[in-house]
Amino acid sequence: MRRISFLPLTGFLLLIVFSTFVAAEGSKAGRIEALARATALDAETARLSDGLWDLSETALKETESAELLAATLEDAGFEVERGVAGMPTAFVASWGQGRPIVGVLAEYDALPGVGNAAVPERAKREDGLTSGQGCGHNLFGAASVVGAIAIKETLQSEKLAGTIRLYGTPAEETVIGKVYMAREGLFDDLDAAIDWHPGTTTATRNQPGRAMNSFTVEFFGQAAHGARDPWNGRSALDAVELMNYGVNLMREHIEPSTRIHYVIPDGGDAPNVVPEYAKVWYYVRDVDRDRVQHYYDRILKIADGAALATETTHQVTLLTGVNECLLLRPLQEAVQANLELVGGPRFSSREQEFAHRLQRNLEIEELGFVGTVEPLADQPKPLEGGSSDVCDVSHIVPEIGFRVTTAASGIPWHSWAATACHGTSAGIKGAQVASKVIALTGIDLLTDEALLEAAQAEFRDKTAGRPYRSPIPADQAPPLPEK
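Residues numbered from 1 in each chain as written. Predicted model: local features only at pLDDT ≥ 70, side-chain atom pairs only at ≥ 80, totals over all residues. Heavy atoms only, no water.

**Considering the sheet that holds strand β7 (residues 211–220)**
Working step 1: Overall, antiparallel pairing links the four strands, which are arranged β8-β9-β7-β10 in an open sheet. Two strands lie at the open edges of the sheet, namely β8 (259–266) and β10 (313–322), each paired on one side alone. Mean inter-strand twist for the sheet, computed between neighbouring axes without regard to direction, equals 20°.
Working step 2: Strand direction decides the pairing type here: β8 and strand β9 (residues 277–286), joined by six bridges, are antiparallel. Counterpart to His261 in the pairing with β9 is Tyr283.
Working step 3: Lying on the sheet, helix α8 (residues 289–310) is in contact with β7, β8, β9 and β10; it crosses β7 at an angle near 10°. (Pairing = 2+ DSSP bridges. Helix = DSSP H or I, 4+ residues; strand = E, 2+ residues; numbered from the N terminus. Axes fitted to C-alpha atoms, helices over the stretch in contact; angles between N-to-C directions. Contact = heavy atoms within 4.5 Å.)

The structure is reproduced here in C-alpha coordinates:
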(Lines give C-alpha, C1' and ligand atoms only; values in the text may rest on other atoms or scores of the structure.)
Protein backbone atom coordinates (compact mmCIF):
# COMPACT_ATOMS: atom_id res chain seq x y z
CA MET A 1 0.00 0.00 0.00
CA ARG A 2 1.49 3.33 -1.06
CA ARG A 3 0.92 6.86 0.12
CA ILE A 4 -0.27 9.63 -2.13
CA SER A 5 2.86 11.38 -3.40
CA PHE A 6 2.90 15.08 -4.19
CA LEU A 7 5.65 17.39 -5.46
CA PRO A 8 8.73 17.29 -3.17
CA LEU A 9 10.58 20.29 -1.79
CA THR A 10 12.75 21.59 -4.61
CA GLY A 11 16.51 21.84 -4.50
CA PHE A 12 16.16 25.61 -4.88
CA LEU A 13 14.11 25.87 -1.68
CA LEU A 14 16.58 23.64 0.16
CA LEU A 15 19.38 25.94 -0.97
CA ILE A 16 17.50 28.92 0.45
CA VAL A 17 16.99 27.10 3.78
CA PHE A 18 20.67 26.22 4.06
CA SER A 19 21.88 29.65 3.04
CA THR A 20 19.68 31.28 5.68
CA PHE A 21 20.81 28.75 8.26
CA VAL A 22 24.52 29.16 7.62
CA ALA A 23 24.22 32.93 7.74
CA ALA A 24 22.43 32.71 11.09
CA GLU A 25 24.63 30.07 12.63
CA GLY A 26 28.15 30.98 11.75
CA SER A 27 30.35 28.15 12.98
CA LYS A 28 28.47 26.80 16.03
CA ALA A 29 29.81 23.32 16.71
CA GLY A 30 27.89 20.60 14.95
CA ARG A 31 24.66 22.45 14.15
CA ILE A 32 25.24 23.00 10.43
CA GLU A 33 26.43 19.41 10.17
CA ALA A 34 23.38 18.11 12.07
CA LEU A 35 20.95 19.89 9.75
CA ALA A 36 22.80 18.64 6.69
CA ARG A 37 22.79 15.07 8.01
CA ALA A 38 19.07 15.15 8.79
CA THR A 39 18.27 16.65 5.40
CA ALA A 40 20.31 13.99 3.63
CA LEU A 41 18.13 11.41 5.39
CA ASP A 42 14.80 12.83 4.18
CA ALA A 43 14.26 9.79 1.94
CA GLU A 44 14.84 7.53 4.94
CA THR A 45 12.20 9.42 6.90
CA ALA A 46 9.75 8.80 4.04
CA ARG A 47 10.67 5.11 3.83
CA LEU A 48 10.16 4.50 7.53
CA SER A 49 6.96 6.57 7.66
CA ASP A 50 5.49 4.58 4.77
CA GLY A 51 6.53 1.29 6.32
CA LEU A 52 4.95 2.03 9.69
CA TRP A 53 1.77 3.38 8.04
CA ASP A 54 1.46 0.17 6.03
CA LEU A 55 1.91 -1.99 9.16
CA SER A 56 -0.34 0.06 11.51
CA GLU A 57 0.10 -2.34 14.44
CA THR A 58 -1.76 -1.52 17.65
CA ALA A 59 -0.47 -1.21 21.22
CA LEU A 60 1.97 -3.94 22.33
CA LYS A 61 1.44 -5.76 19.03
CA GLU A 62 3.95 -3.61 17.11
CA THR A 63 6.29 -6.54 16.38
CA GLU A 64 7.20 -5.67 12.79
CA SER A 65 7.10 -1.93 13.43
CA ALA A 66 9.56 -2.13 16.32
CA GLU A 67 11.84 -4.39 14.32
CA LEU A 68 11.78 -2.03 11.32
CA LEU A 69 13.06 0.82 13.50
CA ALA A 70 15.45 -1.28 15.60
CA ALA A 71 17.05 -2.85 12.52
CA THR A 72 17.43 0.58 10.88
CA LEU A 73 19.27 1.87 13.95
CA GLU A 74 21.42 -1.25 14.11
CA ASP A 75 22.39 -0.78 10.47
CA ALA A 76 23.34 2.81 11.33
CA GLY A 77 25.79 1.61 14.00
CA PHE A 78 23.67 1.73 17.16
CA GLU A 79 23.78 -1.00 19.77
CA VAL A 80 20.20 -2.19 20.24
CA GLU A 81 18.65 -3.93 23.25
CA ARG A 82 15.27 -5.41 22.39
CA GLY A 83 12.41 -6.50 24.64
CA VAL A 84 13.18 -4.14 27.52
CA ALA A 85 10.95 -3.59 30.59
CA GLY A 86 9.04 -6.82 29.96
CA MET A 87 7.60 -5.62 26.63
CA PRO A 88 8.67 -7.50 23.48
CA THR A 89 8.11 -4.40 21.30
CA ALA A 90 10.13 -1.98 23.45
CA PHE A 91 13.82 -1.35 22.74
CA VAL A 92 16.73 0.98 23.48
CA ALA A 93 19.35 1.88 20.85
CA SER A 94 22.57 3.57 21.96
CA TRP A 95 25.65 5.11 20.35
CA GLY A 96 28.58 7.03 21.83
CA GLN A 97 30.46 7.26 25.09
CA GLY A 98 30.31 9.42 28.17
CA ARG A 99 28.20 12.42 29.01
CA PRO A 100 25.99 14.18 28.24
CA ILE A 101 23.51 11.40 27.53
CA VAL A 102 20.55 12.61 25.47
CA GLY A 103 17.48 10.49 24.78
CA VAL A 104 15.10 10.70 21.83
CA LEU A 105 11.68 9.09 22.22
CA ALA A 106 9.99 7.19 19.38
CA GLU A 107 6.41 5.92 19.21
CA TYR A 108 4.96 3.66 16.51
CA ASP A 109 1.65 2.15 17.64
CA ALA A 110 -1.56 2.62 15.65
CA LEU A 111 -5.20 2.92 16.73
CA PRO A 112 -7.91 0.29 16.25
CA GLY A 113 -10.85 1.05 13.97
CA VAL A 114 -9.55 4.17 12.22
CA GLY A 115 -7.94 2.53 9.20
CA ASN A 116 -8.38 4.34 5.90
CA ALA A 117 -6.80 4.65 2.49
CA ALA A 118 -4.63 7.73 1.95
CA VAL A 119 -7.47 9.56 0.24
CA PRO A 120 -9.59 12.56 1.33
CA GLU A 121 -12.78 10.57 1.92
CA ARG A 122 -13.85 7.57 3.98
CA ALA A 123 -12.44 4.54 2.12
CA LYS A 124 -11.24 1.12 3.24
CA ARG A 125 -7.63 0.15 2.75
CA GLU A 126 -6.98 -2.24 -0.10
CA ASP A 127 -5.44 -4.78 2.30
CA GLY A 128 -8.52 -4.69 4.57
CA LEU A 129 -6.60 -3.54 7.65
CA THR A 130 -8.96 -1.71 10.00
CA SER A 131 -6.35 -0.14 12.30
CA GLY A 132 -4.69 3.09 11.28
CA GLN A 133 -2.23 5.85 12.13
CA GLY A 134 -4.87 8.26 13.41
CA CYS A 135 -2.33 9.84 15.76
CA GLY A 136 0.56 9.88 13.29
CA HIS A 137 2.91 7.63 15.20
CA ASN A 138 4.27 6.31 11.92
CA LEU A 139 5.67 9.81 11.39
CA PHE A 140 6.67 10.11 15.05
CA GLY A 141 8.73 6.92 15.01
CA ALA A 142 10.33 7.65 11.65
CA ALA A 143 11.40 11.24 12.42
CA SER A 144 12.74 10.34 15.86
CA VAL A 145 14.87 7.52 14.47
CA VAL A 146 16.23 9.70 11.65
CA GLY A 147 16.89 12.56 14.07
CA ALA A 148 18.85 10.21 16.33
CA ILE A 149 20.86 8.89 13.38
CA ALA A 150 21.66 12.45 12.27
CA ILE A 151 22.87 13.26 15.82
CA LYS A 152 25.02 10.13 15.85
CA GLU A 153 26.57 10.94 12.48
CA THR A 154 27.29 14.50 13.64
CA LEU A 155 28.94 13.36 16.85
CA GLN A 156 31.04 10.95 14.83
CA SER A 157 32.08 13.34 12.07
CA GLU A 158 32.74 16.27 14.42
CA LYS A 159 34.45 14.03 17.02
CA LEU A 160 32.17 15.32 19.77
CA ALA A 161 31.75 13.67 23.18
CA GLY A 162 28.46 12.29 24.41
CA THR A 163 25.91 9.52 24.01
CA ILE A 164 22.71 9.46 21.98
CA ARG A 165 19.91 7.01 22.79
CA LEU A 166 16.77 6.24 20.86
CA TYR A 167 14.00 4.78 23.00
CA GLY A 168 11.50 2.64 21.13
CA THR A 169 8.42 3.16 23.30
CA PRO A 170 5.36 1.05 22.42
CA ALA A 171 1.72 1.38 23.46
CA GLU A 172 1.48 5.12 23.91
CA GLU A 173 -2.17 4.98 22.88
CA THR A 174 -2.92 2.88 25.96
CA VAL A 175 -0.46 5.00 28.00
CA ILE A 176 1.66 1.98 28.85
CA GLY A 177 5.13 1.88 27.29
CA LYS A 178 7.08 4.70 28.90
CA VAL A 179 5.47 4.15 32.32
CA TYR A 180 6.81 0.61 32.56
CA MET A 181 10.16 1.67 31.08
CA ALA A 182 10.32 4.48 33.65
CA ARG A 183 9.55 2.08 36.49
CA GLU A 184 12.52 -0.04 35.39
CA GLY A 185 14.82 2.99 35.53
CA LEU A 186 15.61 3.11 31.81
CA PHE A 187 15.57 6.94 31.73
CA ASP A 188 17.33 7.54 35.05
CA ASP A 189 20.82 8.31 33.73
CA LEU A 190 19.75 10.68 30.96
CA ASP A 191 20.79 14.32 31.07
CA ALA A 192 17.86 15.37 28.87
CA ALA A 193 15.25 13.92 26.50
CA ILE A 194 13.41 15.05 23.35
CA ASP A 195 10.11 14.05 21.79
CA TRP A 196 7.76 15.44 19.15
CA HIS A 197 4.25 14.71 17.95
CA PRO A 198 2.29 15.08 14.73
CA GLY A 199 -0.50 17.65 14.78
CA THR A 200 -2.52 20.26 12.93
CA THR A 201 -0.16 23.07 13.96
CA THR A 202 3.58 23.58 14.45
CA ALA A 203 4.63 24.71 17.92
CA THR A 204 6.70 24.04 21.02
CA ARG A 205 4.82 22.19 23.77
CA ASN A 206 3.42 24.82 26.11
CA GLN A 207 0.60 23.15 28.00
CA PRO A 208 1.03 20.31 30.50
CA GLY A 209 -1.76 17.89 29.56
CA ARG A 210 -3.56 15.84 32.17
CA ALA A 211 -2.41 13.23 34.65
CA MET A 212 -4.38 9.99 34.37
CA ASN A 213 -5.18 6.58 35.83
CA SER A 214 -6.27 3.74 33.57
CA PHE A 215 -7.89 0.85 35.44
CA THR A 216 -10.36 -2.00 35.11
CA VAL A 217 -12.97 -3.22 37.57
CA GLU A 218 -14.05 -6.85 37.20
CA PHE A 219 -17.20 -8.11 38.92
CA PHE A 220 -17.91 -11.76 39.72
CA GLY A 221 -21.42 -13.04 40.34
CA GLN A 222 -23.49 -16.21 39.87
CA ALA A 223 -24.95 -17.41 36.56
CA ALA A 224 -28.56 -18.54 36.31
CA HIS A 225 -31.30 -18.91 33.68
CA GLY A 226 -32.69 -15.46 32.89
CA ALA A 227 -36.31 -16.78 32.76
CA ARG A 228 -36.42 -20.07 34.67
CA ASP A 229 -34.66 -19.05 37.92
CA PRO A 230 -33.18 -15.54 37.77
CA TRP A 231 -33.52 -15.30 41.57
CA ASN A 232 -30.61 -17.74 41.83
CA GLY A 233 -28.37 -15.41 39.83
CA ARG A 234 -26.19 -12.51 40.92
CA SER A 235 -25.49 -10.31 37.91
CA ALA A 236 -21.98 -8.99 37.41
CA LEU A 237 -23.41 -6.78 34.69
CA ASP A 238 -25.83 -5.23 37.18
CA ALA A 239 -22.78 -4.34 39.28
CA VAL A 240 -21.06 -2.68 36.30
CA GLU A 241 -24.20 -0.71 35.46
CA LEU A 242 -24.72 0.35 39.06
CA MET A 243 -21.10 1.44 39.31
CA ASN A 244 -21.36 3.47 36.10
CA TYR A 245 -24.60 5.07 37.31
CA GLY A 246 -22.90 6.09 40.55
CA VAL A 247 -19.95 7.57 38.69
CA ASN A 248 -22.25 9.48 36.36
CA LEU A 249 -24.09 10.95 39.36
CA MET A 250 -20.70 11.96 40.75
CA ARG A 251 -20.01 14.04 37.63
CA GLU A 252 -22.13 16.85 39.12
CA HIS A 253 -19.57 17.15 41.89
CA ILE A 254 -16.23 17.14 40.07
CA GLU A 255 -13.96 19.99 39.02
CA PRO A 256 -14.27 21.36 35.46
CA SER A 257 -10.75 20.09 34.68
CA THR A 258 -11.65 16.48 35.48
CA ARG A 259 -12.33 13.96 32.72
CA ILE A 260 -13.86 10.51 33.35
CA HIS A 261 -14.67 8.03 30.58
CA TYR A 262 -15.29 4.30 30.34
CA VAL A 263 -16.14 1.34 28.12
CA ILE A 264 -17.56 -2.09 28.94
CA PRO A 265 -15.27 -4.69 27.31
CA ASP A 266 -17.28 -7.61 28.71
CA GLY A 267 -20.95 -7.48 29.69
CA GLY A 268 -22.02 -11.12 29.43
CA ASP A 269 -22.58 -13.70 26.71
CA ALA A 270 -26.33 -14.13 26.17
CA PRO A 271 -29.51 -12.32 27.32
CA ASN A 272 -31.00 -15.46 28.87
CA VAL A 273 -27.97 -16.09 31.09
CA VAL A 274 -27.46 -13.94 34.15
CA PRO A 275 -23.87 -12.69 33.59
CA GLU A 276 -21.52 -14.11 36.18
CA TYR A 277 -18.65 -11.96 34.89
CA ALA A 278 -18.45 -8.38 33.62
CA LYS A 279 -15.69 -5.82 33.26
CA VAL A 280 -15.57 -2.04 32.91
CA TRP A 281 -12.48 -0.06 31.86
CA TYR A 282 -12.03 3.53 33.13
CA TYR A 283 -9.81 6.54 32.48
CA VAL A 284 -9.71 9.28 35.15
CA ARG A 285 -7.82 12.47 34.25
CA ASP A 286 -7.06 15.77 35.95
CA VAL A 287 -4.45 18.48 36.24
CA ASP A 288 -2.03 16.49 38.44
CA ARG A 289 -1.49 13.18 40.22
CA ASP A 290 -3.06 14.34 43.51
CA ARG A 291 -6.35 15.29 41.84
CA VAL A 292 -6.42 12.06 39.85
CA GLN A 293 -5.85 10.07 43.03
CA HIS A 294 -8.68 11.92 44.76
CA TYR A 295 -11.26 10.97 42.14
CA TYR A 296 -9.81 7.50 41.68
CA ASP A 297 -10.34 6.82 45.39
CA ARG A 298 -13.95 8.05 45.14
CA ILE A 299 -14.66 5.80 42.17
CA LEU A 300 -13.25 2.81 44.03
CA LYS A 301 -15.75 3.50 46.82
CA ILE A 302 -18.55 3.47 44.24
CA ALA A 303 -17.27 0.11 42.96
CA ASP A 304 -17.32 -1.24 46.52
CA GLY A 305 -20.91 -0.08 46.88
CA ALA A 306 -21.96 -1.62 43.56
CA ALA A 307 -20.55 -4.98 44.61
CA LEU A 308 -22.25 -4.77 48.00
CA ALA A 309 -25.62 -3.85 46.48
CA THR A 310 -25.55 -6.68 43.92
CA GLU A 311 -24.02 -9.33 46.21
CA THR A 312 -21.07 -9.77 43.86
CA THR A 313 -17.33 -9.57 44.40
CA HIS A 314 -14.93 -7.41 42.45
CA GLN A 315 -11.29 -6.85 41.58
CA VAL A 316 -9.58 -3.59 40.60
CA THR A 317 -6.48 -3.54 38.36
CA LEU A 318 -4.58 -0.29 37.86
CA LEU A 319 -3.22 -0.78 34.33
CA THR A 320 -1.20 2.41 34.24
CA GLY A 321 -0.99 5.93 35.59
CA VAL A 322 0.77 9.00 34.27
CA ASN A 323 1.74 12.47 35.40
CA GLU A 324 1.13 15.84 33.81
CA CYS A 325 4.09 17.22 31.82
CA LEU A 326 6.67 19.53 33.37
CA LEU A 327 7.47 22.54 31.16
CA LEU A 328 11.04 23.88 31.29
CA ARG A 329 11.50 27.33 29.76
CA PRO A 330 15.18 26.98 28.70
CA LEU A 331 14.34 23.90 26.63
CA GLN A 332 11.18 25.47 25.24
CA GLU A 333 13.15 28.47 24.01
CA ALA A 334 15.85 26.27 22.45
CA VAL A 335 13.31 24.19 20.54
CA GLN A 336 11.35 27.27 19.51
CA ALA A 337 14.50 28.77 18.00
CA ASN A 338 15.14 25.57 16.08
CA LEU A 339 11.55 25.35 14.85
CA GLU A 340 11.72 28.92 13.58
CA LEU A 341 15.09 28.29 11.95
CA VAL A 342 13.96 25.15 10.10
CA GLY A 343 10.50 26.58 9.42
CA GLY A 344 7.20 24.77 9.16
CA PRO A 345 6.42 22.30 6.37
CA ARG A 346 6.10 23.82 2.89
CA PHE A 347 3.00 22.29 1.35
CA SER A 348 2.42 22.15 -2.40
CA SER A 349 -0.78 23.24 -4.12
CA ARG A 350 -1.73 19.58 -4.67
CA GLU A 351 -1.26 18.85 -0.97
CA GLN A 352 -3.40 21.84 -0.06
CA GLU A 353 -6.10 20.63 -2.46
CA PHE A 354 -6.06 17.25 -0.70
CA ALA A 355 -6.62 19.05 2.61
CA HIS A 356 -9.44 21.19 1.22
CA ARG A 357 -11.23 18.15 -0.22
CA LEU A 358 -10.91 16.38 3.12
CA GLN A 359 -12.26 19.38 5.04
CA ARG A 360 -15.08 19.74 2.52
CA ASN A 361 -16.10 16.11 3.06
CA LEU A 362 -16.04 16.67 6.82
CA GLU A 363 -18.04 19.91 6.45
CA ILE A 364 -15.49 21.97 8.36
CA GLU A 365 -13.75 25.22 7.48
CA GLU A 366 -11.40 24.79 4.52
CA LEU A 367 -8.15 26.10 5.98
CA GLY A 368 -5.93 23.46 4.35
CA PHE A 369 -2.63 22.53 6.00
CA VAL A 370 -1.24 25.26 8.28
CA GLY A 371 2.51 25.42 7.82
CA THR A 372 3.45 28.44 9.91
CA VAL A 373 5.30 28.15 13.24
CA GLU A 374 3.30 29.42 16.21
CA PRO A 375 5.08 31.85 18.54
CA LEU A 376 5.99 30.67 22.02
CA ALA A 377 3.74 32.41 24.53
CA ASP A 378 5.19 33.85 27.74
CA GLN A 379 2.92 31.67 29.88
CA PRO A 380 1.64 28.09 29.47
CA LYS A 381 -1.55 27.72 27.47
CA PRO A 382 -4.80 26.66 29.16
CA LEU A 383 -5.17 22.96 29.85
CA GLU A 384 -6.41 20.94 26.88
CA GLY A 385 -6.27 17.49 25.36
CA GLY A 386 -5.59 14.14 26.93
CA SER A 387 -2.69 12.39 28.61
CA SER A 388 0.61 10.92 27.51
CA ASP A 389 3.19 8.66 29.08
CA VAL A 390 5.89 11.03 27.80
CA CYS A 391 5.01 13.23 30.77
CA ASP A 392 6.43 10.66 33.17
CA VAL A 393 9.81 11.06 31.49
CA SER A 394 9.56 14.80 32.21
CA HIS A 395 9.41 13.97 35.95
CA ILE A 396 12.66 11.97 35.72
CA VAL A 397 14.87 14.16 33.51
CA PRO A 398 14.59 17.52 31.74
CA GLU A 399 12.38 16.77 28.73
CA ILE A 400 11.10 18.86 25.82
CA GLY A 401 8.48 18.23 23.18
CA PHE A 402 7.07 19.96 20.14
CA ARG A 403 4.59 19.31 17.36
CA VAL A 404 4.67 19.76 13.62
CA THR A 405 1.78 20.03 11.16
CA THR A 406 1.10 16.67 9.54
CA ALA A 407 -2.69 16.83 9.10
CA ALA A 408 -5.30 19.22 7.78
CA SER A 409 -6.52 21.95 10.10
CA GLY A 410 -9.62 21.24 12.19
CA ILE A 411 -9.98 17.53 11.44
CA PRO A 412 -10.97 15.18 14.27
CA TRP A 413 -7.89 13.56 15.76
CA HIS A 414 -7.78 9.79 16.33
CA SER A 415 -9.96 9.45 13.25
CA TRP A 416 -9.90 8.04 9.72
CA ALA A 417 -9.22 11.57 8.45
CA ALA A 418 -5.99 11.83 10.45
CA THR A 419 -4.98 8.36 9.24
CA ALA A 420 -5.48 9.48 5.63
CA CYS A 421 -3.31 12.58 6.10
CA HIS A 422 -0.54 10.57 7.74
CA GLY A 423 -0.29 8.33 4.69
CA THR A 424 0.53 11.21 2.32
CA SER A 425 3.67 13.13 1.44
CA ALA A 426 2.17 16.11 3.27
CA GLY A 427 2.40 14.19 6.54
CA ILE A 428 5.92 13.09 5.68
CA LYS A 429 6.98 16.70 5.14
CA GLY A 430 6.01 17.34 8.75
CA ALA A 431 8.12 14.39 9.87
CA GLN A 432 11.07 15.70 7.88
CA VAL A 433 10.83 19.03 9.66
CA ALA A 434 10.68 17.18 13.00
CA SER A 435 13.81 15.13 12.26
CA LYS A 436 15.79 18.33 11.63
CA VAL A 437 14.54 20.01 14.82
CA ILE A 438 15.41 16.86 16.80
CA ALA A 439 18.90 16.78 15.28
CA LEU A 440 19.54 20.45 16.06
CA THR A 441 18.15 20.24 19.59
CA GLY A 442 20.09 17.06 20.33
CA ILE A 443 23.35 18.70 19.29
CA ASP A 444 22.44 21.77 21.37
CA LEU A 445 22.00 19.61 24.45
CA LEU A 446 25.20 17.69 23.79
CA THR A 447 27.40 20.74 23.18
CA ASP A 448 25.85 23.74 24.99
CA GLU A 449 26.74 23.36 28.66
CA ALA A 450 24.89 26.53 29.66
CA LEU A 451 21.64 25.32 28.09
CA LEU A 452 21.84 21.94 29.79
CA GLU A 453 22.72 23.46 33.16
CA ALA A 454 19.82 25.95 32.95
CA ALA A 455 17.37 23.17 32.07
CA GLN A 456 18.59 20.96 34.89
CA ALA A 457 18.43 23.82 37.40
CA GLU A 458 14.80 24.56 36.52
CA PHE A 459 14.02 20.83 36.63
CA ARG A 460 15.44 20.59 40.17
CA ASP A 461 13.43 23.63 41.18
CA LYS A 462 10.14 22.29 39.80
CA THR A 463 10.56 18.80 41.25
CA ALA A 464 11.91 20.18 44.56
CA GLY A 465 14.26 17.22 44.73
CA ARG A 466 11.39 14.71 44.87
CA PRO A 467 12.34 11.44 43.17
CA TYR A 468 10.02 10.00 40.54
CA ARG A 469 7.55 7.48 41.94
CA SER A 470 5.89 5.06 39.58
CA PRO A 471 2.11 4.92 40.05
CA ILE A 472 2.01 1.21 39.14
CA PRO A 473 2.92 -1.60 41.57
CA ALA A 474 6.53 -2.75 41.49
CA ASP A 475 5.61 -6.38 40.79
CA GLN A 476 2.93 -5.76 38.14
CA ALA A 477 3.82 -7.01 34.67
CA PRO A 478 2.89 -4.96 31.59
CA PRO A 479 -0.60 -5.92 30.35
CA LEU A 480 0.55 -7.80 27.25
CA PRO A 481 -2.16 -8.90 24.81
CA GLU A 482 -3.12 -12.53 24.73
CA LYS A 483 -1.54 -14.48 21.89
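Next comes the rest of the description.
**Considerations on the side chain of Asp195**
Working step 1: One can find Asp195 in strand β5 (residues 192–199).
Working step 2: The exposure class assigned to Asp195 is buried, which follows from its relative accessible area of 3%.
Working step 3: Only 2.7 Å separates the side chain of Asp195 from the side chain of Arg205, close enough to count as a polar contact.
Working step 4: Non-local contacts of Asp195, meaning those with residues more than four positions away in its chain, are made with Leu105, Phe140, Arg205, Val390, Glu399, Ile400, Gly401 and Phe402. (Buried < 20%, exposed > 50% of the residue type's maximum accessible area, 1.4 Å probe, protein only. Polar contact = N/O pair within 3.5 Å; in protein donor to acceptor, adjacent residues only side chain to side chain.)

**Describing the nonpolar core**
Working step 1: With 62 residues, the main nonpolar core has Phe78, Trp196 and Phe402 as its most contacted residues.
Working step 2: Leaving out residues up to four positions away in the same chain, Phe78 has contacts with Leu73, Ala93, Ser94, Trp95, Ala148, Ile149, Lys152 and Ile164.
Working step 3: One finds Tyr167, Met181, Leu190 and Cys325 within the second-largest nonpolar core, a separate group that totals 31 residues. (Core = buried A, V, L, I, M, F, W, Y, C linked by side-chain atoms within 4.5 Å.)

**As for the state of the cysteines**
Working step 1: Within the structure shown, the criterion is met by one disulfide.
Working step 2: Not part of a disulfide, Cys135 finds its nearest cysteine sulfur in Cys421, a span of 13 Å.
Working step 3: Judged by relative accessible area, which is 6%, Cys135 ranks as buried.
Working step 4: Residue class for Cys421 comes out buried when judged on its relative accessible area of 0%. (Disulfide = S-S within 2.5 Å.)

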